[in-house]
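Survey of secondary and tertiary structure
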Amino acid sequence: MEQVTDHLLAAARKVIAVHINYPSRAAQRGRTPGQPSYFLKPSSSLALSGSTVERPAGCELLGYEGEIALIIGKPARRVAIEDAWNHVGWITASNDLGVYDLRYADKGSNLRSKGGDGFTPVGPGLIAADAVDPAQLRIRTWHNGDLVQDDTTGDLLFPFARLVADLSQLLTLEEGDIILTGTPAGASVAKPGDVVEVEVSTESTTAGAAAAGFSTGRLVTRVEEGTTPFADFGAQPRTDDLQREEAYGSREAAGLAAVGHVLSPELKAKLESVCTATLSSQLRKRGLNNVSIDGLTSTRPDRRIVGLARTLRYVPNREDLFKTHGGGFNAQKKAIDSVNEGEILVMEARGEKGTGTIGDILALRAQVRGAAAVITDGGVRDFSAVAAMDMPTYYANPHPAVLGRRHIPWDTDITIACGGATVQPGDIIVADADGILVIPPALAEELADDSIAQEREEVFIAEMVAQGHSVDGLYPLNTAWRTKYEEWEAGKAND
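In what follows, the accompanying structure is described. (Residues numbered from 1 in each chain as written. Predicted model: local features only at pLDDT ≥ 70, side-chain atom pairs only at ≥ 80, totals over all residues. Heavy atoms only, no water.)

With mixed pairing, the six strands of this open sheet are ordered in space as S2-S1-S13-S6-S7-S10. Edge strands, defined here as strands with exactly one partner in the open sheet, are strand S2 (38–41) and strand S10 (127–128). Sheet analysis places strand S1 (residues 15–18) next to strand S13 (residues 178–180), joined by three bridges and oriented parallel. Looking at the pairing, Val15 lines up with Ile178 of S13. (Pairing = 2+ DSSP bridges. Helix = DSSP H or I, 4+ residues; strand = E, 2+ residues; numbered from the N terminus.)

Take a look at the structure:
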């Protein structure tokens, strides 16, 4: 079998990486893209199997991601999906390394975080693309000998041929170019002294099968500690618990509390500064369309609230179970009595409007404990008293009936459904007069930044419309209007 060599690496003019492509990774990240998205890595980041990679001095989070690399065998420009695989010469193993400490510095481009020397090891062996079925490959990663990633290409969000065809619509894929095709769940963090290995093989190992037994062998990369600090004129490494969670794959793996304080004062202020309409459009761009809690009214529609979700679930009443679960210090009272400052209690009442789910005493207790709001897709008792409180309550309707008519308070701090949306403990809730949104915490920072940028553009657009300009080409901004917007923005910055 051919091996990846220095000559092959020198022939690679472009290294293109896909953000999310495995369903397991999409589930872990909390978002499933509707179209593939990409970033470039410099060819100087390429390295051979057996090489060492430096975790830059001052950095904490060197993430590894085992991936299948496609190596272009003949140029591709505007090829069809049906023909695209014919332009792939070989496949091999790769490791898309990067430091999460620098993600903030080049938001979206990943240049600093993933472009370092040695950050894209590939190899060691090459598998001829025409000898395998691209939908029957296996990717595995070992961290210090432990198998941490193991997935197949049978259910990719974007099959390999689609990636090649898609990229070729706008740019020429040249012989030797490398496409990193995404990583499955299980990617994590390596520390100095660690060894990461990646292998690509065919799924079938049945003797005599045409594609059986093909393997790249294990791509081996050793991590060492960098000793040269960053110069003081450039971006410095920095990290927080959100980056740790994303780097390790979960809060638990990162050694963080299960429902940690992911809503920093800075992030909360950003989310409070933008309306839910803008956040909704940014969520839609990321493929999240089912994140609004619908059909509810607020007692304080003038308020914009932002907080972490706590959850309570009611089940349909059954008289024998209500006797054991409905009285005393039940789940409803436990939820109210444990909600913390700034948190939002979200109740699943199945849209049942025939009874109350909270009344004046418990609403007052939530307010005294500092709850930012209560949200229920059921009824509210003692409505006048609840509506007069400073704390907003979102509700389906007023209703005088007591709890035991239709509901049993069952459990707390679990995944629930409210107003047609799934809500998990620790989700970020943002609500204003336009509605209520559920935001996955891992997306919140970039969502807030992009929403702020969008609203800034809309201020400019509104000014232009007020001056009499047509919305054609202005909303959204075409190239000419974007240039004018950038000039306007620069002028505002200098004021």
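Here strand S11 (residues 137–143) runs beside strand S12 (residues 146–152); their pairing, made up of six bridges, is antiparallel. If you follow Arg138 over to S12, its bridge partner there is Thr152. Hairpin connection from S11 to S12: two residues lie between these consecutive antiparallel strands, with Asn144 at a positive phi of about 50 degrees.

Most of helix H6 (residues 241–248) is tucked away, with six of its eight residues classed as buried. Buried residues along H6 sit in contact with helix H2 (23–29), strand S14 (188–190) and helix H13 (444–466). The backbone nitrogen of Gln243 lies 2.9 Å from a side-chain oxygen of the residue at the head of H6, namely Asp240. Phi for Gly249, located one or two positions after H6, is positive at around 100 degrees. (Buried < 20%, exposed > 50% of the residue type's maximum accessible area, 1.4 Å probe, protein only. Contact = heavy atoms within 4.5 Å. Polar contact = N/O pair within 3.5 Å; in protein donor to acceptor, adjacent residues only side chain to side chain.)

So, on to the packing of aromatic side chains. If you walk through the whole model with that rule in mind, you get six aromatic pairs. By way of ring pairs, the aromatic residues Phe460, Trp481, Tyr485 and Trp488 are connected into one cluster. Here the guanidinium or amino end of Arg218 rests over the ring plane of Trp142, the centre of that ring lying 3.5 Å away. Between the NZ or CZ atom of Lys484 and the centre of the ring of Trp481, over which it lies, the distance is 4.5 Å. (Phe/Tyr/Trp six-rings, centres within 6.5 Å; stacked < 30°, edge-to-face > 60°. Lys NZ or Arg CZ within 6 Å of the ring centre and 35° of its normal.)

One open sheet accounts for five strands, arranged S4-S16-S15-S11-S12; its pairing is mixed. At either margin of the open sheet sits one strand with a lone partner, and together these are strand S4 (52–55) and S12. Strand after strand, the sheet turns through a mean of 20 degrees between neighbouring axes, direction not considered. In terms of strand pairing, S4 meets strand S16 (residues 219–225) through four bridges, oriented parallel. Along S16, the bridge assignment pairs Glu54 with Glu224. (Axes fitted to C-alpha atoms, helices over the stretch in contact; angles between N-to-C directions.)

With that settled, consider the pattern of salt bridges. Inspection of the entire model under this criterion finds 31 salt bridges. Its salt-bridge partner being Asp96, residue Lys41 comes within 2.6 Å of it at the nearest N-O pair. Note that Lys41 is positioned in strand S2 and Asp96 in the loop between strand S7 (88–95) and strand S8 (98–99), a separation of 55 residues in sequence. Neither residue differs from the other here; Lys41 and Asp96 are each classed as buried. Its salt-bridge partner being Arg244, residue Glu60 comes within 2.8 Å of it at the nearest N-O pair. Of the two residues, Glu60 sits in the loop between S4 and strand S5 (62–64) while Arg244 sits in helix H6, which places them 184 residues apart along the sequence. Residues joined by salt bridges that share partners form a network here, namely Arg25, Lys41, Glu65, Asp96 and Lys114. (Salt bridge = Lys/Arg side-chain N within 4 Å of Asp/Glu carboxyl O.)

Right, let's get into helix H5 (residues 160–168). Across the nine residues of H5, seven count as buried, placing the element largely inside the fold. Listed in full, the buried residues belonging to H5 are Phe160, Ala161, Leu163, Val164, Ala165, Leu167 and Ser168.

Counting 31 residues, the largest nonpolar core has Ile68, Leu70, Ile91, Phe160 and Leu173 as the members making the most contacts within it. Put simply, the parts of the chain that give this core at least two residues each are S1, strand S6 (66–72), S7, S11, H5 and strand S15 (195–202). Here the element with the most residues in this core is H5; it accounts for six residues. In this structure, Leu70 is in contact with Trp85, Val88, Trp90, Ile91, Phe160, Val164, Asp177, Ile178, Ile179 and Thr181, ignoring residues within four places of it in sequence. If you look at the next biggest cluster of nonpolar residues, it comprises 21 residues, including Leu312, Ile336, Ile358 and Val374. (Core = buried A, V, L, I, M, F, W, Y, C linked by side-chain atoms within 4.5 Å.)

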